[in-house]
Amino acid sequence: RAHLPGAGVFQCSITGLSFEVKSAVTIAYRYATWTRHLTKADQEMWVPAGPLFGIKVQPGVVQAVHLPHFICLTEDVNSSLCSIAHFKSGKMTLERPIRLTDSSAVLENPSFSLLGVLWRRLRSTLNSLPVHSLVLIFQQLSAANTTLHLYLIPDDKSVKQAIEKQEMDWNSKLIPKPPPFRPLFFGCIYRVTSTNSVEITPEEQLPFCYKSPKEQQLFVEIYIGNMAEKIELLMTDTRDDTEVWRASLRSGRNSSTVTWVWCLLGAAFMKKHKTDLCSRMRQLSPILLHLRDANVINSDEEEEVRGQGTSQRKNQVLLELLEKKGLEAQEQLYQILQMKNPYLIRDLEKSS
């Protein structure tokens, strides 16, 4: 439940849900479960693309609602396949969003019920729909030596929170983690391996799929008998053996601590190619939008960048701002550039 003090745009930091309101109002909202409301016929035609929300609010006050989604909007993605589902009295109706951002679908002058983002399921595109995803690692504190649970899920906060609650009940601790290097694909199989001798059960193969928060999520258990040395974990796409994720684990004083290779990659790239990025980085508007959606920069910082006189100066101010914010902020920009301008990244890496 949130009380919004007046007109403006407000985002929930827990769920990613945003509201544009024209006056003060109190809004109550909760997560709901897709599988309880989608029929079998619906599930054959539609795939969930974000959390399902139950929202209650006084009619006529909310001008727009921004519903989170986890689809990666590359040039090849057909955004016309996106719809927002309403469930009332056991029936589903569909409405097209007024616009899509990198992380949300926007519905203007909404009526409220159960609301969530769906994507039309086409056989020809099911495995080619890129999805923003998360790798979650938990250490079981009461288990022998070092026992880890590794999950691969879409970037859906309702699923993430359900896993965290279950793992806490199992006396586990969440270890900070990077996301995969690139978008993943539903229906594909990813292999978890290690450069060291570890036991992975029930098997190394991990299917990537959507399961509602109330369902048991898939995970692999990683048993490490000796943490005296550094352990490397890798994840590869079984279709072409492309590496999609990597992390290094080292033993700490009281528990496992993790050093993430991805942060070092992004920061090193930005430092090495700062001069070239200042002169060659393009498509600044979608880059700034993505950084705003990821809460890397705020509106004042965005305006500071946009207010500079030349493109080169705008790029320079942005890069200096992200340097001050640290490794994770620089990695976010690196990942955005890999999606928005992969040819620039490839050219700079090739030149070095």
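Residues numbered from 1 in each chain as written. Predicted model: local features only at pLDDT ≥ 70, side-chain atom pairs only at ≥ 80, totals over all residues. Heavy atoms only, no water.

- The protein chain goes by NLR1A protein in an unreviewed UniProt entry, where it is assigned to Burhinus bistriatus.
- What UniProt records for the protein chain under Subcellular location (unreviewed entry) is the sentence "Cytoplasm, Cytosol". (UniProt positions renumbered as here; feature names shortened; annotations may be inferred.)

## Overview of helix α7 (residues 311-325)
For step 1, the next point in the chain: Here α7 contains 15 residues, and its C-alpha end-to-end distance of 21 Å stays within 8% of the 21 Å for a straight helix at 1.5 Å per residue.
For step 2, the next point in the chain: Residues of α7 that are buried include every one of Asn315, Val317, Leu318, Leu319, Leu321 and Leu322, and no others. (Helix = DSSP H or I, 4+ residues; strand = E, 2+ residues; numbered from the N terminus. Expected span 1.5 Å × (residues − 1). Buried < 20%, exposed > 50% of the residue type's maximum accessible area, 1.4 Å probe, protein only.)

## Structural notes on the packing of helix α8 (residues 327-340) against helix α9 (residues 342-351)
For step 1, the next point in the chain: One way to put it is that α8 packs onto α9 with a least axis distance of 5 Å and a crossing angle of 110°. It follows from the interaxial angle that α8 and α9 lie roughly perpendicular. Every residue of α9 that contacts α8 at Tyr334, Leu337, Gln338, Met339 and Lys340 is listed here: Pro342, Ile345 and Glu349.
For step 2, the next point in the chain: Considering only residue class, the contact of α8 with α9 consists of five nonpolar, one polar and two charged. (Axes fitted to C-alpha atoms, helices over the stretch in contact; angles between N-to-C directions. Parallel < 35°, antiparallel > 145°, perpendicular 65-115°, else oblique. Contact = heavy atoms within 4.5 Å. Nonpolar A, V, L, I, M, F, W, Y, C, P; charged D, E, K, R; others polar.)

## Let's talk about a positive patch on the surface
For step 1, the next point in the chain: A surface patch of positive charge is lined by Arg1, Arg30, Arg36, Lys56 and Lys214.
For step 2, the next point in the chain: Tracing the backbone through its elements, the reader meets Arg1 in the segment before β1 (2-4). (Patch = residues over 30% accessible without salt bridge, like charges linked within 9 Å, V, L, I, M, F, W, Y side chains within 5 Å. Areas by Shrake-Rupley, 256 points an atom, 1.4 Å probe, with all protein chains shown as cover. Salt bridge = Lys/Arg side-chain N within 4 Å of Asp/Glu carboxyl O. Lys, Arg positive; Asp, Glu negative; His and termini not counted. Charge placed at Lys NZ, Arg CZ, Asp CG, Glu CD.)

## What to know about the environment of Ser23
For step 1, the next point in the chain: Note that Ser23 resides in the loop between β3 (18-21) and β4 (25-32).
For step 2, the next point in the chain: Ser23 gets classed as partly exposed once you look at its relative accessible area, which sits at 31%.
For step 3, the next point in the chain: Look past the residues within four positions of Ser23 in its chain and what remains in contact with it is Gly6, Ala7 and Val61.

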